[in-house]
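# Topology and contacts: notes
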Amino acid sequence: MTISEQLERLKRGAVEIFNLDELAQKLRAAAKEGRQLRIKLGLDPTSPDIHLGHTVVLHKLRQFQDLGHKAVLIIGDYTAQIGDPTGQNKTRPMLNAEEIRANAESYCEQAGKVLDRSEERFEVRYNSEWLADMTLLEMIQLAAKKTVAQMLKRDSFKNRLQANVDVYVHEFLYPLLQGYDSYAIKADVELGGTDQTFNNLVGRDVQKAYGQGQQVVMTMPILAGLDGVEKMSKSKNNTIGVTDRPDDMFGKVMSISDEMMEDYFTLLTETPVEQIKVLVDPTQTHPKAAKVLLGKAIVAQFHHDAAACAAADHFDKVFRQKEVPAEIAVVVIGDEALMASKLLMECKLVASGGEGKRMIRQGGASIDGQKLTDPKAMVSPRDGAVVKVGKRKFAKLSVRKS
């Protein structure tokens, strides 16, 4: 690829690049010198699981790898003990070392579903390597690189102060320590969501202050969850997990709105831009047909082509042949077994236990097309299962582990 072609590929889906000319210069220099650029992605292992929202930046990281560069994954085992205040209206709880290590191992394994984990293209570093031994004097010298006024430009701090919510001194240190990570690993480029723009730009300042070349910062959009409103987040119960079963993953993709398809195609697949334009234009492609292609593309990434085809067939059999609508209300429920009649109540498909029992006895209730016959039978909720009562009442289960 020429440098111009590389830039076009790397710009795809990005919100901002600080700045594009610098990125072009780095790509040219790397090609001329026969070296890899070091592409940094910092992660605070606050959760063991990855959803598609996380993979937006992972896909961009993979694009850099495919162009011959090295992905450097920074596990913030040290900074996670502080807690990133990004986008928070309160102080985040600190994690202990055991929780951090377990989450990091799980995260890296799941990230491997997107990234090339070969030694020449992938490097994992824990920032405790350089931060744990930092002296108090070195910490103070680092803190001297930014002013309080500069820190207060950060929206989360500013909003909390305006709302009379405390901002603690240790939270000011977080962006500086994340910036120091960039200096420690000599990052050429740092990737992040738009919520990380402030932190990543601090990395440029820290590198400059220590006499190092500045990294290019590339920000990616925050992926909307299944509701199409809030960002994808486990706390909002609107996620598609990379470890979801193929049937569940495909079914969730089919539930997104037509308006969300362009973002999902652009940010989560390698479908050519011109083809995406055709797929999201209802005058050229039926929305359902486009969504099937999207669902199969996403399932194939995290499983395989055969699983994607099987999931599409399953969806068609369960939803179309059973006349189940593609968009169904999602009900969050615990993972403990409960009586069939109570399950219908929990799903708000019946008004009372008596009505639930009656519907079951009359053969008017089912789970994934299988009729319920005994109101007192114990049912173990399954994530993604569709509960039906009568001809028009449906609910999709989202199981919350206890």
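Below, the structure is looked at part by part. (Residues numbered from 1 in each chain as written. Predicted model: local features only at pLDDT ≥ 70, side-chain atom pairs only at ≥ 80, totals over all residues. Heavy atoms only, no water.)

Turning our attention to helix H8 (residues 155-162). Those residues of H8 lying buried are Ser-156, Phe-157 and Arg-160. Along H8, the residues classed as buried sweep out an arc of 100° about the axis, all on the same side. Buried residues belonging to H8 abut helix H7 (148-151) and helix H9 (169-185). (Buried < 20%, exposed > 50% of the residue type's maximum accessible area, 1.4 Å probe, protein only. Helix = DSSP H or I, 4+ residues; strand = E, 2+ residues; numbered from the N terminus. Arc of directions from axis to C-beta. Contact = heavy atoms within 4.5 Å.)

With that settled, the discussion passes to helix H1 (residues 3-11). An α-helical segment advances 3.6 residues per turn. Residues three or four places apart therefore align on the same side. Those residues of H1 lying buried are Ile-3, Gln-6, Leu-7 and Leu-10. Looking straight down H1, one finds that the buried residues subtend no more than 100° of arc, so they occupy a single side. Turned more than 90 degrees from where H1 packs its buried face, Ser-4 and Glu-8 sit exposed. Those residues of H1 that are buried are in contact with helix H2 (20-33), helix H3 (52-66) and strand S6 (216-220). Phi for Gly-13, located one or two positions after H1, is positive at around 80°.

Right, let's talk about the side chain of Glu-190 for a bit. For Glu-190, the position within the fold is in strand S5 (residues 189-193). Classification of Glu-190 by relative accessible area gives buried; the value is 1%. Reaching out from Glu-190, the side chain makes a polar contact with the side chain of Gln-215 at a distance of 2.8 Å. If we ignore the near neighbours within four places in the chain, the residues touching Glu-190 are Lys-40, Gly-42, Gln-178, Ser-182, Asn-200, Gln-215, Val-216, Val-217 and Met-218. (Polar contact = N/O pair within 3.5 Å; in protein donor to acceptor, adjacent residues only side chain to side chain.)

A general feature of soluble globular proteins is that nonpolar side chains tend to end up buried together. The biggest cluster of nonpolar side chains holds 62 residues, and the ones touching the most others in it are Leu-23, Leu-52, Tyr-264 and Ile-298. The element contributing the most residues to this core is H3, with 6 residues. For Tyr-264, the contacting residues outside a window of four places in its chain are Leu-223, Ala-224, Gly-225, Leu-226, Met-232, Ile-240, Ile-256, Thr-269, Leu-294 and Ile-298. If you look at the next biggest cluster of nonpolar residues, it comprises 20 residues, including Val-331, Ile-333, Ile-367 and Val-387. (Core = buried A, V, L, I, M, F, W, Y, C linked by side-chain atoms within 4.5 Å.)

Moving on to the layout of surface pockets. For the second largest pocket, the calculated volume is near 980 Å³. Lining the second largest pocket we find 34 residues, and of these Thr-239, Lys-252, Asp-383, Ser-398 and Val-399 sit closest to its centre. Listed by contribution, the elements that provide at least two residues to the lining of the second largest pocket are helix H11 (246-254), strand S7 (330-334) and strand S13 (393-400). At 5 residues, S13 tops the list of elements feeding residues into the lining of the second largest pocket. Of the residues belonging to the lining of the second largest pocket, the class tally is 9 nonpolar, 11 polar and 14 charged. (1 Å grid on protein atoms, 1.4 Å probe; cavity = no way out; pocket = protein on both sides within 12 Å on 5 of 7 lines; lining within 4 Å. Points joined across faces, edges and corners; volume = space filled by probe spheres on them. Nonpolar A, V, L, I, M, F, W, Y, C, P; charged D, E, K, R; others polar.)

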